[in-house]
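Each chain is listed here by its residues.
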Amino acid sequence: MSDQNSLLTLTGVTKRFGKPFSKVNLLLNQLGASLRNEYVYAVSNINLQVASKEVVGLVGESGCGKSTLGRLAGGLLRPDGGTRTWRGKDMTAMTPEEIRGVRLSVQMIFQDPYASLNPRLRAKDSVTEAPIYHGLVSPKNRDEFAQSLFAKVGLNPEMMDRYPHQLSGGQRSRLGIARALAVNPEFLICDEAVAALDVSIQAQVLNLFMDLRADFNLTYLFISHDLGVVRHLTDRVVIMYLGRIVEEGATAEIFARANHPYTKALLSEMPVIRAQHKTFHPVMGEIPSPMNPPSGCHFHPRCPHAIKRCSQEAPTLVQIAPGHLSACHLNDLK
Amino acid sequence: MNPRAHLRVENLVTEFVTRQGVVRALDEISFELHPGQIMGLVGESGSGKSLTGFSIMGLLDPPGRVSSGRITLGGKDLNLMNSEQLRRIRGNRMAMIFQDPMMTLNPVMKISAQMIETIRAHRQVSNTQALEECLQALKMVGIASPEERLNAYPHQFSGGMRQRVAIAIALLNKPDVIIADEPTTALDVTIQGQILSVIQNICRQTGTSVIWITHDLSVVSGLADQISVMYAGRIVEQGPSASVLSQPAHPYTRGLIRSVPSVNQPHKRLYQIPGMAPSLAHLPRGCAFNPRCERSSVECLEKPDFTALSPSHRLRCVHPYFEPLELDK
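What you are looking at is a predicted structure, and each value in this text was computed from that prediction instead of being measured.

**Topic: the overall build of chain B**
1) Next: The helix and strand tally for chain B stands at eleven helices and twelve strands.
2) Next: Summarising its shape, the C-alpha atoms of chain B cover approximately 65 × 50 × 40 Å along the three principal directions.
3) Next: Burial statistics for chain B: of 329 residues in total, 47% are counted as buried.
4) Next: Across chain B, contacts joining residues at least 24 apart in sequence account for 65% of those joining residues at least 6 apart.

**Some details on the domain arrangement of chain A**
Residue and element names in this part refer to chain A.
1) Next: Assigned domains within chain A: domain 1 (6–234) and domain 2 (248–334).
2) Next: Each partner contributes residues to the interface: domain 1 has eleven residues there, and domain 2 has eight residues.
3) Next: For the side of domain 1 that touches domain 2, the secondary structure elements donating two or more residues are strand E2 (39–51) and helix H9 (227–233).
4) Next: Taken together, the residues that form the side of domain 1 that touches domain 2 break down as four nonpolar, five polar and two charged.

**A look at helix H11 (residues 251–258) of chain B**
1) Next: Burial within H11 of chain B is extensive, with seven of its eight residues counted as buried.
2) Next: Listing the buried residues of H11 of chain B in full gives Pro251, Tyr252, Thr253, Gly255, Leu256, Ile257 and Arg258 of chain B.
3) Next: Buried residues along H11 of chain B sit in contact with helix H8 (199–216) of chain A together with helix H9 (217–221), strand E9 (226–231), strand E10 (234–240) and helix H10 (241–246) of chain B.

**A closer look at unusual backbone geometry**
Residues and elements named next belong to chain B.
1) Next: In this structure, Pro63 follows Pro62 across a cis peptide bond, with omega equal to 10°.
2) Next: Structurally, Pro63 is set in the loop between helix H1 (49–57) and strand E4 (64–73).
3) Next: In this model, Glu28 sits at a positive phi of 50°, which is unusual for a non-glycine residue.
4) Next: Tracing the backbone shows Glu28 in strand E2 (residues 21–33).
5) Next: Owing to 18 C-beta atoms within 10 Å, Glu28 belongs among the partly exposed residues under this scheme.
6) Next: The backbone of Lys174 shows a phi angle near 50°, a positive value even though the residue is not glycine.
7) Next: Within the secondary structure layout, Lys174 lies in the loop between helix H7 (159–171) and strand E7 (177–181).

**Observations regarding the interface of chain A and chain B**
1) Next: Across the boundary between the two partners, chain A contributes 34 residues, which contact 40 residues of chain B.
2) Next: At the level of elements, H8, H9 and helix H11 (261–269) of chain A are the ones that each hand at least two residues to the side of chain A that touches chain B.
3) Next: When residues in the side of chain A that touches chain B are grouped by element, the largest group, seven residues, is from H8 of chain A.
4) Next: The class makeup of the residues in the side of chain A that touches chain B is 16 nonpolar, eleven polar and seven charged.

**Structural notes on the environment of Ile195 of chain B**
All names here are of chain B.
1) Next: Among the structural elements, Ile195 can be located in helix H8 (residues 189–206).
2) Next: Placed eleven residues apart in sequence, Ile195 and Thr184 show a C-alpha to C-alpha distance of 7.4 Å.
3) Next: Contacts of Ile195, omitting those with residues within four sequence positions, involve Gly160, Gln163, Pro183, Thr184 and Leu187.

What counts and what doesn't
- Residues numbered from 1 in each chain as written.
- Chains lettered and ligands numbered in written order.
- Predicted model: local features only at pLDDT ≥ 70, side-chain atom pairs only at ≥ 80, totals over all residues.
- Helix = DSSP H or I, 4+ residues; strand = E, 2+ residues; numbered from the N terminus.
- Buried ≥ 20, exposed ≤ 12 C-beta atoms within 10 Å, placed from the backbone.
- Contact = placed C-beta atoms within 7 Å.
- Domains from an automatic or database assignment.
- Nonpolar A, V, L, I, M, F, W, Y, C, P; charged D, E, K, R; others polar.

Shown next as structure tokens:
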């Protein structure tokens, strides 16, 4: 993928969370104690490129840092290391005006629209607040503009004067999407946007995402733990485990020829409708705490194929086929 | 192993008395569960699947009540029992597991205390005997070093481990029936796989039967022996899993299966069931699915009775599909 084609690039991005050093600890350290900060590396040294008009899926289990990476990409969090570039331009070198432009171009859709919509704003006010503030729409045209947005996401215009609690789950989720679309974004980051919906409503929202992509040339970063949804919607998948990318590649390639043992485990556990009994042989063990991740490859304590080297040395992402990257020591043995 | 009792539910009707009138939340629910069987009870939110579980357990709160029908466990009618008799059955012959174990476990009691309490509520056993049984149950659900974990509090467990503890508690008195209400919905796929494997082994080994309540057809498809699909408080189709999934005959079941992304070709439009689920207070006349159904006709304005597709596969529809469902995958 060339750099000109890339819409958003994250290079070597790291995000850690932790308590800042207290003054007492600082003093103790100056006196010779060797106290260390307790940091959780939610995302460590990750490279992610999203090309224009591409749909990238970000997959992983709870605590793997996928939402943090989404928030970093969306600019809601500031990375502790690494750079973000938008259309090839480093964002730290941008003027405030340019940064505002990028912020409008990148919009997020969250899992629970009920929690992210202001309960005291009517539907039309929720969706028009941002474009009016940014001067994209004049307050006089509010109703007209809201109506056109509602049409885009398939909401009945009668809902314009309703409050979030008066809408059904599917309608609220459409309202969340309408709000993101209100500022003419190029790039949508969907963080588990369909996870809480019933199957029949989920189908409607997924169809809407596909229609919007076709109609407005949108680029998506689609964060989900649901592999079925990811396979259906995305062009490329990135699989994360405990803050690191373990495998990435074209969606069809990953689902056909997964390389990393973790990806294989995820795929074999993916619930699929089948008409016969299945005997479950799950991967053993828990997802380790990110506070105290295992040494070497983070997956080695649960990995059925782990060798000695896996506990000593962290594998790097290497290309194993065109566009298909995997971080596993076993590839060196082949 | 004692022979296990079997659960039979016949024409169960549950109603709520509200200001707007009587709302019928469950309408003539019938099924039979043999020892060691797993039944998947599938439906979308508001279809009454959890309510079925509560009605069987006798856990309905007013204004809800079971207004007619029979629920029998090993031939004994649960509706005729007084609250003391029911108490002896709940947690003993029948147990329930919920979606969020943090809500059902007592946060200020050690696991051991909660488990012993469950045993002693039903049987008089010594402390050492009870502890021994707790260890057995924890081992059965795959908790590592159970001796140490017995002294832990619920918040010291991860979500998956907590759900295992909840399952272990349900198993303590070797129940005939476990009702599991969306127990893996909040868990990650690898952890969900572990829980499904635990449940599968328990049913095979102990003959306990399970009602697995879920909104996700794909979760029960590999697990359940039978599937009952609910819509607006009624069972619309039920039968052996293989039969229901490969030859769904009710338009709603077909729609549910067709709208799952993993059975469709990537990037293709998913099938959408038109419209929205109705409110139970204003159910459409006749078949509750008729306003959303592509096959509906005048006959659908009359409430459909069960018709049999095969001796074990039946459904409530006057226009069933007879051909198998062709899926892309």
